Amino acid sequence: MSSVPTDLLPHPIVQAPMAGGVSVPQLAAAVSEAGGLGFLAAGYKTADGMYQEIKQLRGLTGRPFGVNLFLPQPEIADPAAVGVYAHQLAGEASWYETAPGDPDGGRDDGYDAKLAVLLDDPVPVVSFHFGVPAREVLDSLRRVGTFTLVTATTVEEARAVERAGADAVIAQGVEAGGHQGTHRDVPETDGSGVGLLSLLAQVREAVGIPVVAAGGIMRGGQIAAVLAAGAVAAQLGTAFLAAHESGAHTLHKQALTNPLYVRTELTRAFSGRPARGLVNRFLREHGRYAPAAYPDVHHLTAPLRRAAARAGDAQGMALWAGQGHRMARELPAGRLVEVLAAELASARTALSAGGTR
C-alpha cells in the first residue's frame, strides 16, 4: 500500500474536522505544530468565511493542515414530513422564544465557490464528507499539489473513493461522533453501521490506497491497534473536542465526561442525517420523529440549538460525541498530541516485546 507523505504527518494523528465552530484555526494550528495534522471544517461556512480562517491558520503555523468540504446533497426530503417535524418543534420554539429556521436554506453548502478558492490558493490537504467528488475535482486538486481524502463507511464506498482517484480514504466506523459520512442517505440502513476494526480490515483488503481510521479513538493504544490493522494514521474528533483551543461550547465540553450523559446514539433529530451525539432531552423527545431530510432539518433546528446554547441549556443542544467520550481529556491540543504520541510509542514497544517472547 502506498502511504501518506511523511511531511504531512510526523505523528500518525489527524484532528478530525468538526463543523459548527469546533475546528477553529487555533485548534488546527496547535495540532499541526505538535506534529499531527490539524483540520479546518468548512461545512456551514461561506467560501469567504473559509478563506478568512485559512488565512488566520497560516498566520499561526507554517506546518501542513487540511480543509474539509461537504458534498452537495440531493433533494430527497419529503416537504410534508419536514412540515410535520417543524410542527412538532413548536414547543421548542416557544420554550426558547425563537422561531425555527427556514428548511430551504440551501443544499450545496457553497461547494463550488469553496473549491474555486482551494484551487486558486491551494492548501496541503482537502478531505470530503457525504459523498465522492467527481474525478475532475480530485485531479484538479492533485495538479495544484493538494493531497485528497474522502470518508467512507462501507467497503463499497471505499472502492468508489479509490475509483474516483482520491489519494486516501478515511474508514469511518459507526463509533464516530458527529455525522456519519455515508455517500447516500438511505433510511432503511439506519443502525446497520460497521464497527471500525471490522470496517478497517475489510477496506484494507478492498483498496490499494492508504486508509485513515476514524471512530471512537481516544488513546494512543487505540492508534497503535488501527496502525497494526493496516491504517496509515488515525483520525480523532471527540478526543480534541475538549481541548483548550477547541471552539466547542463549554457545556458541550463538560458534557463529555458528565455522568448525566451515559450513552451516545445515532440520531436524525438535529440535522435529518444520522449523527452520533450524547443522549439528551431533545434527542430523546424528537429523534424517533425526525425525517430523512438533510440539510432541511439542520436549517430548521439551527436557531433552536443556538438559543439553547445562549440559555445555557445543554438539553437542547446537539452534543456530538463518539462512543469513547468518557475518555476525553481537557488538555491543550498540542499537549494532547504529545500524550497520544507517547502512548502510541509505549503501545508499540509493548507489542514488539510481546512478539519476541
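See the structure above.
The structure displayed is predicted, hence computed values, not measured ones. (Residues numbered from 1 in each chain as written. Predicted model: local features only at pLDDT ≥ 70, side-chain atom pairs only at ≥ 80, totals over all residues. Heavy atoms only, no water.)

K.L.:
Please give an account of the sheet that holds strand β11 (residues 275-278) that cites residues and values.
P.N.:
Spatial strand order, β7-β11-β10: 3 strands in an open sheet with antiparallel pairing. At either end of the open sheet lies a strand with only one pairing partner, and these are β7 (178-179) and β10 (264-267). Taken together, the 4 bridges between β10 and β11 define a ladder with antiparallel strand orientation. Bridging across to β11, Leu266 finds its partner in Arg276. (Pairing = 2+ DSSP bridges. Helix = DSSP H or I, 4+ residues; strand = E, 2+ residues; numbered from the N terminus.)

K.L.:
Just give me the short version of the packing of aromatic side chains, but keep the residues and values in it.
P.N.:
Tallying each qualifying case throughout the model produces 6 aromatic pairs. Ring plane angle 85 degrees and centroid distance 5.6 Å describe the contact between Phe270 and Trp320, whose orientation is recorded as edge-to-face. Of the two residues, Phe270 is situated in the loop between β10 and β11 and Trp320 in the loop between α13 (296-310) and α14 (333-355); the sequence distance between them amounts to 50 residues. In this pair, the class of Phe270 matches that of Trp320, namely buried. Cluster of aromatic residues (ring-pair linked, three or more members): Tyr44, Phe70, Phe130 and Tyr294. (Phe/Tyr/Trp six-rings, centres within 6.5 Å; stacked < 30°, edge-to-face > 60°. Buried < 20%, exposed > 50% of the residue type's maximum accessible area, 1.4 Å probe, protein only.)

K.L.:
Please give an account of the pairing of strand β2 (residues 38-41) that cites residues and values.
P.N.:
Going residue by residue along β2, you find Gly38 and Leu40 tucked away on one face and Phe39 and Ala41 tucked away on the opposite face as well. In the sheet, β2 pairs with strand β3 (residues 65-70) via 4 bridges, with the strands oriented parallel. When the sheet's bridge partners are listed, Gly38 is paired in β3 with Phe65. The β-α-β motif built from β2, the intervening helix α2 (residues 47-60) and the parallel element β3 has right-handed crossover chirality. (Right-handed = clockwise from strand over helix to strand, strands pointing away.)

K.L.:
How would you sum up the packing of helix α5 (residues 111-120) against helix α6 (residues 135-143)? Please name residues and give values.
P.N.:
Following both chains from N to C, one finds α5 and α6 inclined at 25 degrees, their axes separated by 10 Å at the closest point. As summarised for this structure, α5 and α6 are arranged roughly parallel, according to the angle between their axes. Contact with α5, carried on its side by Tyr111, Leu115 and Leu119, involves Val137, Ser140 and Leu141 of α6 and no other residues of that element. For the contact of α5 with α6, the residue count by class is 5 nonpolar, 1 polar and no charged. (Axes fitted to C-alpha atoms, helices over the stretch in contact; angles between N-to-C directions. Parallel < 35°, antiparallel > 145°, perpendicular 65-115°, else oblique. Contact = heavy atoms within 4.5 Å. Nonpolar A, V, L, I, M, F, W, Y, C, P; charged D, E, K, R; others polar.)

K.L.:
Which residues make up the nonpolar core, and what values do they have?
P.N.:
Counting residues in hydrophobic clusters, the biggest one holds 80 residues, and the most contacted among them are Val67, Leu69, Phe128 and Phe240. Of all the elements, α14 adds the most residues to this core, at 6 residues. With residues near it in sequence (within four places) discarded, Leu69 still touches Ala42, Met50, Tyr111, Lys114, Leu115, Leu118, Val126, Ser127, Phe128 and His129. Counting residues in hydrophobic clusters, the runner-up holds 18 residues, among them Tyr85, Phe270, Phe282 and Leu304. (Core = buried A, V, L, I, M, F, W, Y, C linked by side-chain atoms within 4.5 Å.)

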